[in-house]
Amino acid sequence: MKRFAALYASVDQTTSTKAKVEALASYFREAPEDDRLWTIALFSGRRPRRLITASVLREWAAEKAGLPLWLFEECYPVVGDLAETIALILPPATTTSDHSLTHWIGHLKTLSTQDDARRKAGILAAWDGLPPTERFLFTKLLTGGFRVGVSQKLMTRALALATGIDEAELTHRLMGNWTPETTDWHRLIEVPDPTAALSRPYPFYLAYGLEETDQITPVGAWSAERKWDGIRGQLICRAGTHHLWSRGEEVMTDRFPELAVLKDFLPAGTVIDGEILAHDTNGPLPFATLQKRIGRKTVPKKLLVEAPVILMAYDLLEAGGTDIRQQPFSARRKQLESLCASLPPDLPLRLSPQVPFEDLEALARARVESRDLGAEGLMLKRLDSPYLAGRKKGDWWKWKVDPLTIDAVMIYAQAGSGRRANLFTDFTFAVRDGDSLVPFTKAYSGLTDAEFRDITAWVRKNTQQRFGPVRQVTPTLVFEIAFEGIQASPRHKSGVALRFPRMARWRQDKPAGEVNTLEDLRQMLAQFG
Amino acid sequence: MNAVLTLTDRGIYCPAGDFYIDPWRAVPRALITHGHADHARPGMGAYLCTTTAAPVMRHRLGDITADTIPYAETRQIGGALVSFHPAGHVPGSAQIRVEVGGEVWVVSGDYKVVDDGLSDPFEPVACHAFITECTFGLPVFKWTAPDVLKAEINSWWRANAAAGRTSLLGAYSLGKAQRLMALLDPAIGPILTHGAIENTNAVLRGQGIALPDTIRVTPGRDRKAHPGAMVLAPPSALSGTWARQFGADRSSAFASGWMALRGVRRRRGADRGFIVSDHADWDGLNTAIKATGAERIFVTHGYTSVFRRWLEDQGYDARIVATEYEGEYEGEGLDSTASDPDPEAGTEAGTEPEAQDT
Ligand SMILES: [Zn+2]
Ligand SMILES: [Zn+2]
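Throughout what follows, the structure given in this document is the object of discussion. (Residues numbered from 1 in each chain as written. Chains lettered and ligands numbered in written order. Predicted model: local features only at pLDDT ≥ 70, side-chain atom pairs only at ≥ 80, totals over all residues. Heavy atoms only, no water.)

Residue and element names in this part refer to chain A. Its location among the elements puts D81 in the loop between helix 5 (69-79) and helix 6 (82-89). Within polar-contact distance, the side chain of D81 engages the side chain of K140 at 2.6 Å. Apart from the residues lying within four places of it in its own chain, the contact partners of D81 are Y76, F136 and K140. (Helix = DSSP H or I, 4+ residues; strand = E, 2+ residues; numbered from the N terminus. Polar contact = N/O pair within 3.5 Å; in protein donor to acceptor, adjacent residues only side chain to side chain. Contact = heavy atoms within 4.5 Å.)

Now for the coordination of the zinc ion (ligand 1). All names here are of chain B. Donor atoms from the polypeptide that bind the zinc ion (ligand 1) are H34 (NE2), H36 (ND1), H89 (NE2) and D110 (OD), placed at 2.1 to 2.2 Å. Every donor residue of the zinc ion (ligand 1) comes from the same chain, spaced as H-x1-H-x52-H-x20-D. Distance-wise, the zinc ion (ligand 2) is placed 3.7 Å from the zinc ion (ligand 1), both being coordinated by D110. Of this pair, H34 sits in the loop between strand 4 (29-31) and strand 5 (46-50) while H89 sits in the loop between strand 8 (80-86) and strand 9 (94-100), and the two are 55 residues apart along the sequence. The exposure classification of H34 matches that of H89, with both residues buried. (Donors = N, O, S within 2.8 Å, 3.2 Å for Na, K, Ca; no water. Buried < 20%, exposed > 50% of the residue type's maximum accessible area, 1.4 Å probe, protein only.)

This brings us to the nonpolar core. Nonpolar side chains tend toward joint burial in soluble globular proteins. If you look at the biggest cluster of nonpolar residues, it comprises 115 residues, and the most contacted ones within it are F4, F43, I123, W127 and F138 of chain A together with F141 of chain B. If we ignore the near neighbours within four places in the chain, the residues touching I123 of chain A are I52, L57, W60, L108, L111, F138 and L142 of chain A. Formed by 31 residues, the second largest nonpolar core is a distinct cluster that contains A408, F440, I455 and W458 of chain A. (Core = buried A, V, L, I, M, F, W, Y, C linked by side-chain atoms within 4.5 Å.)

All names here are of chain B. Donor atoms from the polypeptide that bind the zinc ion (ligand 2) are D38 (OD), H39 (NE2), D110 (OD) and H301 (NE2), placed at 2.1 to 2.7 Å. Taken together, the four donor atoms surrounding the zinc ion (ligand 2) define angles of 86 to 151° at the centre, an arrangement classified as irregular. Sequence spacing among the residues donating to the zinc ion (ligand 2) works out to D-H-x70-D-x190-H. (Tetrahedral: all angles 85-135°; square planar, octahedral: opposite > 155°, others 65-115°.)

Right, let's talk about the pairing of strand 9 of chain B for a bit. Residue and element names in this part refer to chain B. In terms of residue burial, strand 9 counts as a mostly covered element, since five of its seven residues are buried. When strand 8 meets strand 9, the two strands line up antiparallel, connected through six bridges. Bridge pairing in strand 9 links H85 to Q95. The pairing of strand 9 with strand 10 (residues 103-107) spans five bridges and is antiparallel. Within the sheet, the bridge partner assigned to I96 lies in strand 10 and is V107. Hairpin connection, strand 9 to strand 10: the antiparallel pair is bridged by two residues, and G101 has positive phi, about 55°. (Pairing = 2+ DSSP bridges.)

Everything listed is a geometric property; what it means functionally is a separate question.
See the structure below:
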């Protein structure tokens, strides 16, 4: 655990990505192979099965620290992390130990087969034998969610540096359902995998938001299409296999099984950039429908019927096994059009239609219509642009519709977690309904750190009542809430649910008596829902 | 039982002596525990503070009518007997003892119980009622032992110096900065100071307090003149343009009690956070309170409602006093121009959990 704790400390004690990657790389060169494998597993979200519930851990930690449980509960929202809270309140260790990461994980597995009394004794003894950082990490193993500032991408880069194996190749090798118990370092990392090349995606080209419309001149040099409201995805069909990648370099193939049929129709060596969209025969469905599919690794039949998806094709990156990203967009688009035209019409693949426009005014009108069509706005692409990698300015722009907004008053505040611990950042907002206030949304982003600090100081002075970590505050502060969509929701008291609500600004000029009403919300629902 | 002190909208007031302690609005007569801005405010008719605290108060507040008193000397003000006792917070800081008709109340001001080698160390004062700060009144706050802290800071500095990097350490300009200077190993390199800190240094040196040699950072200074230097600056200077003169490869750190929390450390965006405060930690507060022998405890300035409940659990008659002191406010002097993730980031996080994990 000492070597792992040293790795954690060196990653935690720098803000430089380069230094983090170097620290990880040297760990992957030096640490024992089984520890390396567990480190990869933990940093890629594969954690040991949860052995003890959070509430039991809290009790044991409070008891060991000689503190009442209520006091532990008060500390937790200030710290914002359970394992860290536990590590901080426990008395200093009275013994020492020097076991490996793998040993401790094995120890947890052993404890899982034992009764509660033995488990408790085992955990308390471990806490008592570990210095602060190791104790924190050990408790992280117990609480799950091993987020310690190392993304899978960063880890993979370090692994590439340490092993000399190509990063994309490693990304592929680390996928799937392996655990350190089902494989070993050699098999997982070192043995070449001939199928890797078949699934390898291209880096996505991402657009910036349009700043000035004169960036779209001359209009004849540009193409416009809708910016659909789904999940960006890349479909790769090579040698009879298909893979679906997300923009976050995640494989989503199994999450959208209805797209599997495409590999039987698309020629081998086809890669399409598009949007996974909930869509039925009448057109796109609200994002909320697609949301039911997100985060599910397997899809029950019922959901396939309720929330069917298609791939809305934006661009063609590979044709006949050849990378065509350097060809101009107009040429790639032509090939994509003829490819789509050659397919049976009932396949879950559609061509994203181009939006015709003769001048900027027509373009602006088309943008406004987007919301009614179930789109977020327009995508503008220069006809001669190659398909670039990453977020680049100039050739592609997104031009989203203006968000909907409503003025609301803050009624509850809660501290954030992680880097927002001990700051009130999560707020609940209400609109007026006659003399009463009706809560309708939460929001936690859009303000500056300085504003959050001012609001935090204000919340401390204006708390009316506390419900655990939540504070009811005097309804005084008014915010303009911006959001992307609104829909009916019987689960909510207000009857509506908002999409991507955030604080557009703090309206220090507006008294709480002048915020919008529930009736205003209902009208928005009727118009845009 | 008559209250020796009461809370008014101007501050803590002693009716028997007709004076205020650390008032936040203008009053004719103010007794001041120490020179931090939330305790020593401008506009009072007359000030009384310790002999050691006076120079910094004059430096900060300008031309004030200030009388001074040595530690432990008793003075009669109206019907009250008043004395000042070391609080260990910053040089000259005091707890103020007020006795009226045999009843003794003590106002702690800000305090810490560890000896920082610079301030007169905290002395418990027996009393019936103790008005205590509790800035860090939660058991998650436990300060790093002085010898460990010293080793941590110097080894960070040494590693930076060896790599040719300048170290920037953010610390409050009265108290914290001087205390840290005293821990630094001068063999590693020169100590540079931001003007706000060097001005305070000059005042303290002027009253005979020994501080290590420092070099004031001035505009137009040769950037390469002091390789591997340690630069002490107020926390706000670390994120601004001022810090950029030390090159892109600088390493920055904050020294504060809040650095005990990983979330705060990450939010501040520094490489390192050293856990050191001029306020008492959890154990310090509990030890100090016990040592007064007081039965009535008034808590202020910090996690008051939690700490009050804890004290009540321990058998004290504990209440909250709602003062306007701010303590070691977490955002202390920090500018923030960086705004939160834009709505786009929210969109991405909403659809692709991976994108959040950076
Ligand atoms: Zn102070
Ligand atoms: Zn204070």
